[in-house]
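Observations on the three-dimensional arrangement
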Amino acid sequence: MVESATGRLLGTVDPGSSHVQVHTGAVHLHQGVSYLVDELDLADAVALVHAEEPEWSTHPRDVTNVSVVSVSSYVDAGPVGLFLGTVDVTNQVVSYQRRRLGTGEVIDTRPLDLPVRQLRTTAVWWTISPGALDRAGVEAPDIPGALHAAEHASIGLLPLVATCDRWDIGGLSTAAHPDTEAPTVFVYDGHPGGAGFAERAYHAANQWLSATRDAIASCGCETGCPSCVQSPKCGNGNDPLSKVDAVRVLDAVLSALPG
């Protein structure tokens, strides 16, 4: 991060986070000071910024795909499967929203022209059959929101079992993944080759997912909040989310998993 007017180096952002945190037009908080990004120059790895406190915040929107490369370990629990393996993640930040401070009103959505990034890493993922979801009381239209909410909460709770920050990991949920042919939630390490976080989550799955389920169920909000199922890094604007159905899904997963 370089101050546009003076050329002064203000700080650094790791390359993996640059598209999200310091894209052109982003409002970025650094050491308690608000900066507006004038330009992200990827060729020179420089974000040119100036100090400003606008009346809005910025929220990037991205598109992520995960493909399974190989499975190193798995648990077959009938309608539920738990897996550890290598995945390829492709991600592209395609736009950002400006939201008014205080009210959260969306002012506008602005496009971004950023390249696709690719990452081969380690992931933990679980699948659940549509029949098990139906028996748990999760109707077909609510499956995406249920899985999305469970994904967010599980990412937020992973630091309980692995020494990491939620910004070190990513996730994807889908009602029908082409590689698993089932409703699936992926949580992957945000570092090339993996950093051990997903592997730890796999081996402590019962503890991890139980804590996730309890955190959602015990939260006093009605439909979901940043303390349970909303994520500050969600590229889909925290939509859709279903807090109640996330608990039902996790109950079904935990009842099937051994131990």
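The text that follows walks through the structure, step by step, so that each part is easy to find. (Residues numbered from 1 in each chain as written. Predicted model: local features only at pLDDT ≥ 70, side-chain atom pairs only at ≥ 80, totals over all residues. Heavy atoms only, no water.)

**Regarding the overall build of the protein**
Counted only if it meets this: In DSSP terms, a helix is any run of H or I states spanning at least four residues, a strand is any run of E spanning at least two, and both are numbered starting from the N terminus. Each radius of gyration reported is based on C-alpha atoms, and the globular scaling rule is 2.2 Å times the count of residues to the power 0.38. Under the scheme applied here, a residue whose accessible area is under 20% of the maximum for its type counts as buried, over 50% as exposed, and between as partly exposed, the area being computed with a 1.4 Å probe on protein chains only. The protein chains shown are the only cover counted for residues, whose accessible areas, like all others here, come from Shrake-Rupley with a 1.4 Å probe.
Helix and strand counts for the protein come out as six helices and 10 strands. Against the compact-globule benchmark of 18 Å for 259 residues, the protein has a radius of gyration of 19 Å, which places it among compact chains. The principal-axis extent of the C-alpha atoms belonging to the protein is close to 60 × 40 × 30 Å. Scored against the burial criterion, the 259 residues of the protein give a buried share of 45%. Of the roughly 12,400 Å² of accessible surface on the protein, 50% is carried by carbon and sulfur atoms.

**Focus on the pattern of salt bridges**
Quick reminder of the rule: Salt bridges are defined by distance alone: a side-chain nitrogen of Lys or Arg within 4 Å of a carboxyl oxygen of Asp or Glu.
What the rule picks out here adds up to eight salt bridges. Taking the shortest distance from any N to any O, the salt bridge between Arg-98 and Asp-108 comes out at 3.0 Å. Note that Arg-98 is positioned in strand β6 (residues 80-100) and Asp-108 in strand β7 (residues 106-111), a separation of 10 residues in sequence. For Arg-98, a relative accessible area of 12% puts it in the buried group. Judged by relative accessible area, which is 22%, Asp-108 ranks as partly exposed. For Arg-100, the salt bridge goes to Glu-105, with nearest N and O atoms at 3.2 Å.

**Describing the sheet that holds strand β3 (residues 33-41)**
Our working definition: Any two strands with at least two DSSP bridges between them are considered paired.
Strand order in the open sheet formed by four strands is β1-β4-β3-β2, and the pairing between neighbours is mixed. Two strands close off the open sheet at either side, each with one partner strand: β1 (2-3) and β2 (27-30). In this sheet, β3 lies alongside β2 in antiparallel orientation, the contact comprising four bridges. Across the sheet, His-30 pairs through a bridge with Val-33, a residue of β3.

**Side note on unusual backbone geometry**
That bond from Asp-239 to Pro-240 is cis: its omega, 0°, falls within 30 degrees of zero. Although it is not a glycine, Gln-31 adopts a positive phi angle of roughly 50°. Along the chain, the position of Gln-31 falls in the loop between β2 and β3. Here Glu-181, not a glycine, exhibits a phi torsion of approximately 55°, which is positive. Secondary-structure assignment places Glu-181 in the loop between β9 (169-174) and β10 (184-189). The exposed category is assigned to Glu-181, whose relative accessible area is 71%.

**Thoughts on the packing of aromatic side chains**
So the rule is basically this: Under the pairing criterion, centres of Phe, Tyr and Trp rings, with the six-membered ring standing for Trp, must be within 6.5 Å; the plane angle then separates stacked pairs below 30 degrees from edge-to-face pairs above 60, leaving the rest tilted.
Tallied over the full model, the rule gives three aromatic pairs. With centroids separated by 5.4 Å and ring planes inclined at 35°, the aromatic side chains of Trp-125 and Phe-186 adopt a geometry described as tilted. Taken together, the residues Trp-125 in strand β8 (residues 117-128) and Phe-186 in strand β10 connect sequence positions 61 residues apart. Residue classification places Trp-125 among the buried residues on the basis of a relative accessible area of 2%. These aromatic residues form a ring-pair network of at least three members: Tyr-74, Phe-83, Trp-125 and Phe-186.

By themselves these figures say nothing about function.
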